[in-house]
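# Residue-level structure breakdown
So you can see what is in the structure, the chains are spelled out below.
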Amino acid sequence: MKLASPAVSITLAKKIDAGAFTSGGSPKMFSHLPAFCRVAATLKPTSASDIRIEVWLPLIGWNGKFLAVGSGGWGGSIAYDGMADALQRGYATSATDDGHSGPSASFIQGHPEKFIDFAYRAEHEMTVEAKALIKTFYGREARLSYWNGCSGGGREGLLQAYRYPDEFDGIIAGDPADVRRNSWALWLAVQTFKDPADYISPDKYSMIHRAVLNACDANDGLKDGLIGNPESCHVSLKSLECKAADNSDCLTPRQIQTAQTIMSPATTPTGKVLFPRLEPGTELRWTRLAGGPAPADLFLDEFRYVVYQDPNWDWKTFNLERDAAKSNAVDKDIDSLDPHLASFAKHGGKLLLYHGWADQQVAPGSSIEFYKSVLALSEDPAQASNWIRLFMAPGMGHCSGGEGPDNFDKISLIEQWVEQGKPPAQITASHQTAGHVDRTRPLCPYPQVARYNGSGNIDNAANFTCSNPQ
């Protein structure tokens, strides 16, 4: 096969028959895949680089298009699930391990080039190589190129749109993990479980969740167990204060302060907001950020390996104003998001952003901030909805899960937008319990929210209309 660069070496090129498939690098078995050519390669754009990629090329029924799949967290593995889905849709598809193996960020310590590989270079080099292989294999270029990623993969898609605006015709970026999130997560750790007296045990989460729903569930005109517009929800938990000794049915004054802190933005002593809040409605999943006894490695690694380059760095010494500034300085121009996307828009690209309102890992307001910044910086903000739209999903957790409808066909939506000129006016999403769809709802382009029409089944999307918040 023809290589895009001498810094590329093919390590595997094998025909895979139709049927079940397992990668060998993943224990998961994928059923009912069409026959394809599996290509694995190692890319070395710098002497320090060691980027692994895979490219899957359908042997029959290729739809003429390419879909790249993003990575989650700190990368470190090939996203076979996303590749399998793309292949079943007829796409030639690719993914990368972002230049290292394993979920830790320890690979960054002492290796600045690997940090760049992780942030954006691995994804770009993968795309260049995948497109070259497609042209060689099929004798023609892919007619359209797409990106699909959530969390870390959402951030990767936005970085590609900014750095390489001509690379993709359509980008799906879900719950993008803005790296400023790591400072927020460490701040919450210090505020919520550094001192045992501040800690809220998980058995109290459901009690807090009920109190939040009682306060805000009906604000959207319908009491249905979902907060349709959490931005309008501001809760006082004073009523939960223990009247006597601490027990599972109440909160101590210190625990009430902890809960209010979780639902408040991270601010400096002067009141400057550094990161938005965890939204009301997320309480059942607070363990991710407030469960302790230490911050999750996903967040802690930013400071151990990227900022301080010290595996033994003590998270209890974290200072929000000082350490957020240090982190932002290290990340600037590498893996921090940049809302200057006018070149992507000029290229004709379409950007589908989505975020779960009940995201327990990346504050949903960060995507709203980014979206508003993009609009403000676009050449024609009034026409920006022609190329960028943000959809917030009530009750949806990080990328999936939660009490709200979290399942929708993102790829078909971006295809209709790019290929038919039909931007999504709203998205019908579904929620499943035990494999059975028990609720559908429309997801609305921000800032619109779904409102019940006043009659019909409240679990049927047809009985709701998207409108501006009241």
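Reference entry: report on the structure contained in this document. (Residues numbered from 1 in each chain as written. Predicted model: local features only at pLDDT ≥ 70, side-chain atom pairs only at ≥ 80, totals over all residues. Heavy atoms only, no water.)

## Topic: the state of the cysteines
Counted according to the given criterion, the structure contains 4 disulfides. Across the disulfide from Cys 150 sits Cys 399; the S-S distance is 2.0 Å. Sign of the S-S torsion, about -105 degrees for the bond between Cys 150 and Cys 399, identifies this disulfide as left-handed. In this pair, Cys 150 is assigned in strand 8 (residues 144–150) and Cys 399 in the loop between strand 13 (388–393) and helix 12 (410–420), connecting sequence segments 249 residues apart. On the accessibility criterion, Cys 399 (18% relative accessible area) is buried. (Disulfide = S-S within 2.5 Å. Helix = DSSP H or I, 4+ residues; strand = E, 2+ residues; numbered from the N terminus. Buried < 20%, exposed > 50% of the residue type's maximum accessible area, 1.4 Å probe, protein only.)

## Some details on the environment of Ala 161
Residue placement: Ala 161 occurs in helix 3 (residues 152–163). Those residues within four positions of Ala 161 in sequence are excluded, and the remaining contacts are Ile 171, Leu 341 and Phe 344. (Contact = heavy atoms within 4.5 Å.)

## A few points about empty space enclosed by the protein
Taken as a whole and judged by the stated rule, the model has 3 cavities of 30 Å³ or more. One number sums up the size of the largest cavity: a volume of about 80 Å³. Along its surface, the largest cavity is lined by His 209, Leu 213, Gly 225, Leu 226, Ile 227, Pro 230, Pro 280, Gly 281, Trp 357, Ala 358, Gly 395 and Glu 403. In this structure, the second largest cavity spans a volume of roughly 60 Å³. Gly 73, Trp 74, Phe 118, Arg 155, Ala 177, Val 179, Arg 181, Asn 182 and Leu 298 are the residues that line the second largest cavity. (1 Å grid on protein atoms, 1.4 Å probe; cavity = no way out; pocket = protein on both sides within 12 Å on 5 of 7 lines; lining within 4 Å. Points joined across faces, edges and corners; volume = space filled by probe spheres on them.)

## Notes on the nonpolar core
Nonpolar side chains tend toward joint burial in soluble globular proteins. Membership of the largest hydrophobic core comes to 57 residues, with the highest contact counts inside it found for Trp 184, Leu 186, Ile 208, Leu 237, Trp 286, Trp 315 and Phe 318. Sorting the residues of this core by element identifies helix 2 (112–138), helix 4 (181–193), helix 5 (205–216), helix 6 (253–262), strand 11 (273–275), helix 7 (287–290), helix 8 (297–307) and helix 9 (320–331) as the ones contributing at least two each. It is helix 4 that provides the largest number of residues to this core, a total of 8 residues. Listed in part, the 42 residues of the second largest apolar core include Ala 92, Ile 134, Leu 353 and Met 392. (Core = buried A, V, L, I, M, F, W, Y, C linked by side-chain atoms within 4.5 Å.)

## Things to note about the sheet that holds strand 6 (residues 65–69)
Reading across from one edge, 1-4-5-7-6-8-9-12-13 is the order of the 9 strands in this open sheet, with mixed pairing throughout. In this open sheet, the two edge strands, each paired with only one partner strand, are strand 1 (8–16) and strand 13. For this sheet the average axis-to-axis angle between neighbouring strands, irrespective of direction, equals 15 degrees. Pairing analysis gives 8 bridges linking strand 4 (residues 36–43) to strand 5 (residues 51–58), with the strands arranged antiparallel. Bridge pairing in strand 5 places Ala 40 opposite Glu 54. With respect to the sheet, helix 1 (residues 80–88) is in contact with strand 4, strand 5, strand 6 and strand 7 (92–96), its orientation differing from that of strand 5 by roughly 20 degrees. On top of the sheet, helix 12 reaches strand 6, strand 8, strand 9 (170–174), strand 12 (350–356) and strand 13; it is set at about 150 degrees to strand 12, its chief contact. (Pairing = 2+ DSSP bridges. Axes fitted to C-alpha atoms, helices over the stretch in contact; angles between N-to-C directions.)

## Topic: the layout of surface pockets
Each pocket or cavity is described by its volume, and for the largest pocket that value is around 630 Å³. Taken together, 26 residues make up the lining of the largest pocket; nearest its centre are Val 69, Gly 70, Asp 81, Gly 82 and Cys 150. Secondary-structure elements contributing two or more residues to the lining of the largest pocket are helix 1, strand 8 and helix 12. When residues in the lining of the largest pocket are grouped by element, the largest group, 4 residues, is from helix 1. Taken together, the residues that form the lining of the largest pocket break down as 10 nonpolar, 11 polar and 5 charged. (Nonpolar A, V, L, I, M, F, W, Y, C, P; charged D, E, K, R; others polar.)

## Considering the pattern of salt bridges
In this structure the tally under the stated criterion is 25 salt bridges. Note that Glu 279 and Arg 277 form a salt bridge whose closest N and O atoms lie 3.1 Å from each other. For the pair Glu 279 and Arg 277, one class covers both residues: buried. Asp 459 is the partner of Arg 439 in a salt bridge, and the nearest nitrogen-oxygen pair spans 2.6 Å. Separated by 20 residues along the polypeptide, Arg 439 in strand 15 (residues 436–443) and Asp 459 in the loop between strand 16 (449–452) and strand 17 (464–467) bring together distant segments of the chain. Its relative accessible area of 27% is what places Asp 459 among the partly exposed residues. (Salt bridge = Lys/Arg side-chain N within 4 Å of Asp/Glu carboxyl O.)

## Observations concerning the packing of aromatic side chains
Within this structure, the stated rule accounts for 21 aromatic pairs. For the pair Tyr 91 and Tyr 146, a centre-to-centre distance of 6.1 Å together with 80 degrees between the ring planes defines the contact as edge-to-face. You can see Tyr 91 sitting in the loop between helix 1 and strand 7 and its partner Tyr 146 sitting in strand 8, a full 55 residues away along the chain. Take Tyr 146: its relative accessible area is 1%, and that puts it in the buried class. On the basis of an interplanar angle of 85 degrees and a centroid distance of 5.3 Å, the ring pair of Tyr 354 and Phe 408 is categorised as edge-to-face. Placement of the pair is Tyr 354 in strand 12 and Phe 408 in the loop between strand 13 and helix 12, with a sequence separation of 54 residues. A connected cluster of aromatic rings, assembled from ring pairs, spans Phe 21, Phe 36, Trp 56 and Tyr 80. For Lys 131, the ring lying beneath its charged end belongs to Phe 168, and the centroid distance is 5.8 Å. Sitting above the plane of the Phe 408 ring, Lys 410 keeps its charged end 4.3 Å from the centroid. (Phe/Tyr/Trp six-rings, centres within 6.5 Å; stacked < 30°, edge-to-face > 60°. Lys NZ or Arg CZ within 6 Å of the ring centre and 35° of its normal.)

## Brief notes about the pairing of strand 12
Among the 7 residues in strand 12, 7 count as buried, and that is most of the element. Alternating positions in strand 12 separate into two faces, Lys 350, Leu 352, Tyr 354 and Gly 356 on one and Leu 351, Leu 353 and His 355 on the other, with burial throughout. Two elements, strand 12 and strand 13, share 6 bridges in a ladder whose sense is parallel. Residue pairing for strand 13: Gly 356 is matched across the bridge by Ala 393.

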